Amino acid sequence: ARAEVGPGGRRDVQQRDDITLFRNRTASWDLSFTHEPRVAAGQQLLWGGGLRAASDENRTSLFVRFDPANRRLHWANLFAQHQLQWNQWQFTAGAKLEHNSYTGLEVLPTLRVAYQHAERSSTWAALSRTVRAPARIDREFFLPGNPPFLIEGGPGFESEVATVLEAGHRGGLGRDLSYSATVFRQHYRGLRAGLGFPAQIANRIEGNADGLEAWGQWQPAEFARLSVGALVLRKDLRFSDGTTDAGSIGHLGNHPRH
């Protein structure tokens, strides 16, 4: 792998030649731009955009095939965020427009509000929409390298979408102890799963993930610090096409709960 970085841009080259598993060379170019104009007191405006292009080349191995073997991919984005401070309240609204080679335009809005109780204490809430756009492994991947295939890319695979609601509080007790707690709900649509035999990649899963993330930090002396944190997570996922096979459903959301 090799990376070259310059003002507002980056060129990255990665190559892997595993004859059995994966034989790939990817070269990508990134350009980005941000601007923060002067605005009235108590406000902040940030906007910008970016371009990315990649050349992806694959050679069929024993276990992996991409069809087509070579592809050029492009991404572009434009974003803006406005923040307003009013007394102890802070309001933030933003949006990003992303364009990719597979699904075209994706809209990613976000809203956030925060209340500053004191210098080290604040409560906040946020609502946002995020997506994972398709990659080559979703649409153009085949396993093994030659037919008959066990897994096939889904030519109609769309973006996975999550709507995320969060609320949290950050504060301190005395000079040495600080803490934070956040509760969240993530609503998923169109998550990836196989369909039929051979298994074709498709958007088949929906549902929710609810959780609580908390941490605390105690610094009794300048040279000593103790931190502790925890994440509790519960997922409730299901097949959006009505599949009721107990064996398949049992694997949905099969992740650590804490």
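Everything below is about the structure shown above.
What you see is a predicted model; the values in this text were computed from it and never measured.

(A) Spatial organisation of the layout of surface pockets. One number sums up the size of the largest pocket: a volume of about 480 Å³. As for the largest pocket, its lining consists of 20 residues, and the residues nearest its centre are Thr-26, Arg-52, Asp-56, Leu-73 and Trp-75. Elements supplying a minimum of two residues to the lining of the largest pocket: β2 (9–17), β3 (23–35), β4 (43–59), β6 (70–86) and α1 (136–139). Residues belonging to the lining of the largest pocket are distributed by class as follows: nine nonpolar, six polar and five charged. Taken as a whole, the second largest pocket holds about 170 Å³ of empty space. Along its surface, the second largest pocket is lined by Leu-46, Phe-79, Ala-80, Gln-81, Gly-94, Ala-95, Lys-96, Leu-108, Pro-109, Thr-110, Ser-128 and Arg-129. Of all the secondary-structure elements, those providing two or more residues to the lining of the second largest pocket are β6, β7 (89–100), β8 (104–118) and β9 (121–132). Residue composition of the lining of the second largest pocket, grouped by class: six nonpolar, four polar and two charged.

(B) Up close: the nonpolar core. In terms of nonpolar packing, the biggest core is built from twelve residues, these being Ala-162, Val-164, Phe-184, Tyr-188, Leu-191, Ala-193, Ile-205, Ala-209, Leu-233, Leu-237, Phe-239 and Leu-252. The set of elements that each furnish at least two residues to this core consists of β12 (160–173), β13 (177–195), β14 (199–221) and β15 (224–239). For this core, the element with the highest residue contribution is β13, accounting for four residues. Residue contacts for Leu-233: discarding those within four places in its chain leaves Phe-184, Ala-209, Asp-210, Gly-211, Pro-256 and Arg-257.

(C) Representation of the environment of Arg-132 in the model. If you trace the backbone, Arg-132 turns up in strand β9. Note on Arg-132: relative accessible area 33%, which makes it partly exposed. A distance of 3.1 Å separates the side chain of Arg-132 from the side chain of Asp-138, its partner in a polar contact. A distance of 2.6 Å separates the side chain of Arg-132 from the side chain of Glu-160, its partner in a polar contact.

(D) Up close: the environment of Leu-97. Looking at the secondary structure, you find Leu-97 in strand β7. Note: C-alpha distance between Leu-97 and Asn-70 (27 residues apart in sequence) is 27 Å. Dropping the residues within four chain positions of it, Leu-97 is found in contact with Ala-76, Asn-77, Leu-78, Leu-105, Glu-106 and Val-107.

Reading guide: rules and limits
- Residues numbered from 1 in each chain as written.
- Predicted model: local features only at pLDDT ≥ 70, side-chain atom pairs only at ≥ 80, totals over all residues.
- Heavy atoms only, no water.
- 1 Å grid on protein atoms, 1.4 Å probe; cavity = no way out; pocket = protein on both sides within 12 Å on 5 of 7 lines; lining within 4 Å.
- Points joined across faces, edges and corners; volume = space filled by probe spheres on them.
- Helix = DSSP H or I, 4+ residues; strand = E, 2+ residues; numbered from the N terminus.
- Nonpolar A, V, L, I, M, F, W, Y, C, P; charged D, E, K, R; others polar.
- Core = buried A, V, L, I, M, F, W, Y, C linked by side-chain atoms within 4.5 Å.
- Buried < 20%, exposed > 50% of the residue type's maximum accessible area, 1.4 Å probe, protein only.
- Contact = heavy atoms within 4.5 Å.
- Polar contact = N/O pair within 3.5 Å; in protein donor to acceptor, adjacent residues only side chain to side chain.

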